[in-house]
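# Structure at a glance
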Amino acid sequence: MSDARAAHPGLYRIDQNPPSLLGQRCAACGRLAFPPNPYGCEGCGAEADELVTEEIPGDGELAAFATVHLHPGKDIETPFTVGTVVLDAGPTVRATLTCATDDGLAIGNRVHTQLVPQQSEDDGELLELRFAVEKS
Ligand SMILES: [Zn+2]
């Protein structure tokens, strides 16, 4: 794992299990946002220098999901399932789930972040963030 790196640096930590997301809290209005943006607060319009990086626990609830069976990307393996997750901390995130299909999934399932290793072109290990569903 020593040469492992995040597939999307700046969006989540790779040294925790489960990993936290890296969001931004607005110092002016307190709004917590994910993903981070370089422009400013979408809630109150404060400038970007008012936004402070904050770790967001990767726990939430599944609000929607869809399984993709055909994808034009030649290196994209199908099927895979994407979900809309409402984090307990507030922000809503759309991300890939760890399960390939939506078999047994239900709106309201609890989910948590999980790092999934992917092979990169230079043989290093890329850690991609996905959401694992706790099926009831
Ligand atoms: Zn704000």
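What counts as what
- Counting from 1, residues in each chain are numbered in the order their sequence is written.
- Where local features are concerned, this predicted model is filtered to residues with pLDDT of at least 70; where side-chain atom pairs are given and counted, the filter is 80 or more; whole-chain, interface and lining totals use all residues.
- Hydrogens are left out, water is left out, and the side-chain values use all remaining heavy atoms of the structure.
- Note on conventions: DSSP H or I runs of at least 4 residues are helices, E runs of at least 2 residues are strands, and numbering of each starts at the N terminus.
- Exposed residues in this analysis have more than 50% of their type's maximum accessible area, buried residues have under 20%, and partly exposed residues fall in between, with area computed by a 1.4 Å probe over protein chains only.
- By definition, residues are in contact when any of their heavy atoms lie within 4.5 Å.
- The set of buried Ala, Val, Leu, Ile, Met, Phe, Trp, Tyr and Cys residues whose side-chain atoms join them within 4.5 Å is what this entry labels a nonpolar core.
- The domain limits used here are those given by an automatic or database domain assignment.
- When a carboxyl oxygen of Asp or Glu lies within 4 Å of a side-chain nitrogen of Lys or Arg, that pair is called a salt bridge.
- What makes two strands pair is DSSP finding at least two bridges between them.
- Distances decide who is a donor: an N, O or S atom must be within 2.8 Å of the metal, or within 3.2 Å for Na, K and Ca. Water is not included, so sites may look incomplete.
- Just to be clear on the cut-offs, tetrahedral is four donors with all angles between 85 and 135 degrees, square planar is four donors and octahedral six with opposite donors over 155 degrees apart and all others between 65 and 115, and anything else goes down as irregular.

## Some thoughts on the environment of H71
Mapped onto the elements, H71 comes out in the loop between β5 (59–68) and β6 (80–87). Given the relative accessible area of 36%, H71 is considered partly exposed. Leave out the neighbours within four places in its chain, and H71 touches I76, T78 and F80.

## Things to note about the nonpolar core
One finds L21, L87, V93, L97 and F131 to be the most contacted residues of the largest nonpolar core, which totals 21 residues. Among the elements of the structure, β6, β7 (92–96), β8 (110–119) and β9 (125–134) are those that each provide at least two residues to this core. For this core, the leading source of residues is β9, giving four residues. Summarising the domain contributions, this core has at least three residues from each of domain 1 (1–7 + 58–136) and domain 2 (21–56). Not counting residues within four places of it along the chain, the set of residues in contact with L87 comprises L21, I56, P57, G58, D59, G60, V93 and F131.

## Quick look at the pattern of salt bridges
One pass over the full model with this rule turns up five salt bridges. Close ionic contact of D15 with R13 constitutes a salt bridge, the shortest N to O distance being 2.7 Å. Where R13 meets E55, a salt bridge forms, and the shortest distance between an N and an O atom there is 2.4 Å. Residue R13 is located in the loop between β1 (5–6) and β2 (21–26), and its partner E55 is located in strand β4 (residues 51–56); the two are separated by 42 residues in the primary sequence. Members of the salt-bridge network, linked through shared partners, are R13, D15 and E55.

## Digging into the pairing of β7
Alternating positions in β7 separate cleanly, V93 and A95 being buried on one face and T92, R94 and T96 remaining unburied on the opposite face. One ladder, built from five bridges, connects β6 with β7; its direction is antiparallel. The partner of V82 across the bridge, within β7, is T96. Turn length for the β6-β7 hairpin, with the two strands adjacent in sequence and antiparallel, is four residues, and the turn residue G90 shows positive phi of about 130°.

## As for the coordination of the zinc ion
Note on the zinc ion: its protein donors are C26 (SG), C29 (SG), C41 (SG) and C44 (SG). The metal-donor distances range over 2.3 Å. Note that the zinc ion binds four donor atoms; their angles at the metal cover 107 to 113°, and the shape is tetrahedral. Binding-site remark: the zinc ion is held by donors from one chain whose sequence spacing is C-x2-C-x11-C-x2-C. Here the residue C26 occupies a position in strand β2, and C44 occupies one in the loop between β3 (32–33) and β4, the gap between them amounting to 18 residues.

## Describing the sheet that holds β7
With respect to topology, six strands assemble into an open sheet ordered β1-β9-β8-β5-β6-β7, the strand pairing being mixed. The open sheet is flanked by β1 and β7, the only strands paired with a single partner.

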